[in-house]
Amino acid sequence: MYYQRLDQTEQDKLHHASLEVMRNSGVRFLEKNAIEIFRKAGCAVQDNLVRFPSNLVEWALKTCPKNITLFDRLGQPKIHLMGRCAYYGNGSDLLYIIDHETCKCRSPLLKDVKDIVTLIDALPHFDFSMSGFIPTDVPNDQVQRWQMKTMLENTIKPIVYVTTDFENTKSSVEMAEIVAGDEKALRENPFAVNYINISNPLKHNTESVRKLMWLSQKGLPFVYRPSIVTRGISTPVTWAGFLVVNNVAGLAGLVLSQLVREGALFIRCGCSGGTFDMQTMVGLHSAAEIRGFNEDLCEYYQIPRFGIGGLSGSKDVDQQAAYEAALTLITSTQAGAQLIHDVGYLDNGRIGALDHLVICHEIIGWVKQYMKDMVIDEESLALELIHQVIQSDTNFLDSDHTLAHYQEDYYPALTDRSVYDTWEAKGSTTLRERAKKEADAILKDHRAVPLEKSVPQKLLDLINREAHL
C-alpha cells in the first residue's frame, strides 16, 4: 500500500544535484567547533562556509544507522524506524488552545500540557508524545523543563521533545536519564528524541549545531529538520529546487553527526507538504505541494525519518480541519513517513484542540485499516462456503465463517454508522460533541503508569536547580 512518487532516475538527479551544491556552493555553519571538525575531515572551509567532498557525504550515508528503535519508558521496544512505515504523535509548542468545554480560544496552561499528554497515552493509535502547548503559567525560561517533566510523568510512550537552546537540551536529557536510571540505561533503551529545528537550511545556527554534536557524542537520537514551509524564501520556490536545498541541509547535518560519532542516531527531516502562500504570506503545513517527495529521498538513502500529518490551517474544529487532517494523514502514511508528528495542529501550528486530537485519532484508525494487506488463502477465499451457500440457496450472515471473521473489520469508536432515526433518538450528536465527551472521559479516568516514587521530586529538584543558576 506504500507508494513512491520519485522514480530511480529522479532520485539520482536530486542526489547528484545535492552533491553539486555541497561541493561547489557549500553550506554555512555558525559554530566554530563544527567548522574545525569539517576542516580536519578534508572539507574546504572559508570562514563559516563549508564545501563538502562528495566521497565524505557518501561515507556518512554508509556509516549512519539504517534503522533506529525507540522504547517506552518501561524499556519495551515500541517504534522501529526502518523502511516505509508510519507511527503517529501530536506536535509541540502551540500558542493557543481551543478549550473543548467553552469552545473559546485562550492561552494554554501547564494543565493543558498534562491533558494532551494524557490523551496521547490513553489513545491506542498514537505511538509517541510531544508537549502540545507552551504553558503560560510557568516562567518563560523554565517552560521546556516543565514540558519535559509533564511528559515524563503522564505517558509511558516514547517522547519527542523540543528545546530552543543547548542548556535546555542538556536539562531534558538529564531528566530522561533520571527516569531511565542512568546515562547508560537511556543510551541503551532511548525513549526520548530531541527535535532540532534549524533556522535556515543553508545556514545552520549555533544552538542547533551544538545540540547535534552533543547528542551525537552521547549516542542519543535526534531529529534534524529545516523548515518545510519556506519555499520561495529560504529555498527556491520550484519543487525540485526546494527538495535539493532541503536535502543538502539534511546531508550536511548527517555528515557532521557521523564525523562526531560514527553510527550517531540521526533522524532526517522527511516531512511532506509545506509551502509559503504568496497571497497570505503564511506558511502552510497542509498544502498539497511536495507531499511524498521528501519521504522518497529518505527511503532512497534508507535513513530514519521524521514526517508530518493530521494538521490543518483551519482556525476551528470544522470541516476544513477534518479534510486537511485526513488528507495529510493518508498521504504521509502511504509515503511511509515513519514518525508522523503534528497530528491535531490547527492554524498552521498555532492552535490546538483536544477534541480535534480525538477526531484525528479516529481518522488514524481508518487509515491503519486501509493500509492493511489482504490475506489470500484457503480460509479467506472461502470457496467451500460459497459452494454451500449456492447449493442451499441461503446466505452468509449466519455462517460460522462470518462469525469468525467479521471483527477483522474496523469498528470506529466515535463515527456514527447508524440510520438517521437511531442517530436522532440518541441525541443527534455531532462528531465533535462525541469527541468532547471522549476527551472528558479519558481525562477523568486515565492515569499513566506512575514513575518510581522518588523520581518526580528529583525532576522538580532539577528544575529548581536550573532556575537558580
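Residues numbered from 1 in each chain as written. Predicted model: local features only at pLDDT ≥ 70, side-chain atom pairs only at ≥ 80, totals over all residues. Heavy atoms only, no water.

1. Overview of helix α6 (residues 166-180)
- With 15 residues, α6 extends 21 Å from end C-alpha to end C-alpha; this agrees with the ideal 21 Å at 1.5 Å per step.
- Every buried residue of α6 is listed here: Phe166, Asn168, Thr169, Ser171, Ser172, Val173, Met175, Ala176, Glu177 and Val179.
- For α6, the N-terminal cap is Asp165; the gap from its side-chain oxygen to the backbone nitrogen of Glu167 is 3.3 Å.
- Just downstream of α6 lies Gly181, where phi reads positive at about 125 degrees. (Helix = DSSP H or I, 4+ residues; strand = E, 2+ residues; numbered from the N terminus. Expected span 1.5 Å × (residues − 1). Buried < 20%, exposed > 50% of the residue type's maximum accessible area, 1.4 Å probe, protein only. Polar contact = N/O pair within 3.5 Å; in protein donor to acceptor, adjacent residues only side chain to side chain.)

2. Topic: the sheet that holds strand β17 (residues 338-341)
- Spatially, the seven strands line up as an open sheet ordered β6-β17-β16-β13-β12-β10-β9, and their pairing is parallel. A strand with exactly one partner marks an edge of an open sheet, and here the two such strands are β6 (86-88) and β9 (159-162). Averaged over all neighbouring strand pairs, the angle between strand axes comes to 30 degrees, with direction disregarded.
- Sheet topology note: the strand β10 (residues 192-198)/strand β12 (residues 222-226) ladder contains five bridges and is parallel. Its bridge partner lying in β12, Ile198 is registered against Pro226.
- Contacting β9 and β10, helix α5 (residues 143-154) crosses the sheet at an angle of about 170 degrees to β9. (Pairing = 2+ DSSP bridges. Axes fitted to C-alpha atoms, helices over the stretch in contact; angles between N-to-C directions. Contact = heavy atoms within 4.5 Å.)

3. Let's talk about the nonpolar core
- In terms of nonpolar packing, the biggest core is built from 109 residues, with Phe29, Phe38, Phe52, Leu119, Met148, Tyr224 and Leu256 touching the most fellow members.
- For this core, the element with the highest residue contribution is helix α9 (residues 239-260), accounting for 11 residues. (Core = buried A, V, L, I, M, F, W, Y, C linked by side-chain atoms within 4.5 Å.)

4. Some points on the environment of Ile134
- For Ile134, the position within the fold is in the loop between α4 (110-122) and α5.
- Its relative accessible area of 28% is what places Ile134 among the partly exposed residues.
- For the pair Ile134 and Asp112, spaced 22 residues apart in the sequence, the C-alpha separation amounts to 9.1 Å.
- With residues up to four places along the chain from it excluded, the contact list for Ile134 reads Asp93, Leu94, Leu95, Pro108, Val143 and Gln147.

5. Section: the packing of helix α1 (residues 8-25) against helix α10 (residues 293-301)
- Running from N to C, α1 and α10 point in directions that differ by 85 degrees, and their axes come no closer than 11 Å. Compared by their axis directions, α1 and α10 come out roughly perpendicular. Judged by residue contacts, Gln8, Gln11, Asp12, Leu14 and His15 of α1 engage Asp296, Leu297, Tyr300 and Tyr301 from α10.
- Its residues placed into classes, the contact of α1 with α10 shows four nonpolar, three polar and two charged. (Parallel < 35°, antiparallel > 145°, perpendicular 65-115°, else oblique. Nonpolar A, V, L, I, M, F, W, Y, C, P; charged D, E, K, R; others polar.)

6. As for the packing of aromatic side chains
- Enumeration over the complete set of coordinates arrives at 12 aromatic pairs.
- Grouping aromatic residues by their ring pairs yields a cluster made of Phe29, Phe38 and Phe52. (Phe/Tyr/Trp six-rings, centres within 6.5 Å; stacked < 30°, edge-to-face > 60°.)

7. So, the sheet that holds strand β2 (residues 44-46)
- Spatially, β2-β3-β1-β11 is the arrangement adopted by the four strands of the open sheet, whose pairing is mixed. Of all the strands in the sheet, just β2 and β11 (203-204) have a single pairing partner and so form its edges.
- Strands in contact with helix α2 (residues 32-40) are β1 (27-29), β2 and β3 (49-51); relative to β2, the strand with the most contacts, it is inclined by about 145 degrees.

8. Points about α4
- Over its 13 residues, α4 runs 19 Å from end to end, which matches the ideal 18 Å to within 8%, given 1.5 Å per residue.
- Leu110, Asp112, Val113, Asp115, Ile116, Val117, Thr118, Leu119, Ile120 and Asp121 are the residues of α4 that are buried.
- Of the surrounding elements, those touching the buried residues of α4 are β7 (96-98), β8 (105-106), α5, α12 (354-371) and α17 (431-445).

9. As for the pairing of strand β4 (residues 68-71)
- Bridge count for β4 against strand β5 (residues 77-81) is four bridges, and the pairing is antiparallel. Across the sheet, residue Phe71 finds its bridge partner in β5, namely Pro77.
- Counted along the chain from β4 to the antiparallel partner β5, the turn is five residues long, and its residue Gly75 has a positive phi close to 90 degrees.

10. Some points on the pattern of salt bridges
- Counted by the stated rule, this structure contains 19 salt bridges.
- Here Asp296 ties to Arg84 by a salt bridge, and the two come within 2.9 Å at their closest N and O atoms. Here the residue Asp296 occupies a position in helix α10, and Arg84 occupies one in the loop between β5 and β6, the gap between them amounting to 212 residues.
- Residue Arg84 is classed as buried on the basis of its relative accessible area, which comes to 16%.
- Here the salt bridges share partners, and the residues they tie into one network are Arg145, Glu174, Arg465 and Glu466. (Salt bridge = Lys/Arg side-chain N within 4 Å of Asp/Glu carboxyl O.)

11. Regarding the packing of α5 against helix α18 (residues 455-467)
- Relative to each other, α5 and α18 sit at 175 degrees, their axes nearing to 10 Å. Accordingly, the angle class assigned to the pair α5 and α18 is roughly antiparallel. Residues Arg145, Trp146, Lys149, Leu152 and Glu153 of α5 lie in contact with α18, whose contacting residues are Pro456, Leu459, Leu460, Ile463 and Glu466.
- Counted by class, the contact of α5 with α18 contains six nonpolar, no polar and four charged residues.

12. Digging into the environment of Phe306
- Among the structural elements, Phe306 can be located in strand β16 (residues 305-308).
- Residue Phe306 is classed as buried on the basis of its relative accessible area of 0%.
- Residues contacting Phe306, with those up to four places away along its chain left out, are Val160, Tyr195, Val223, Arg225, Ile267, Arg268, Cys269, Gly270, Cys271, Ala337, Leu339 and His341.

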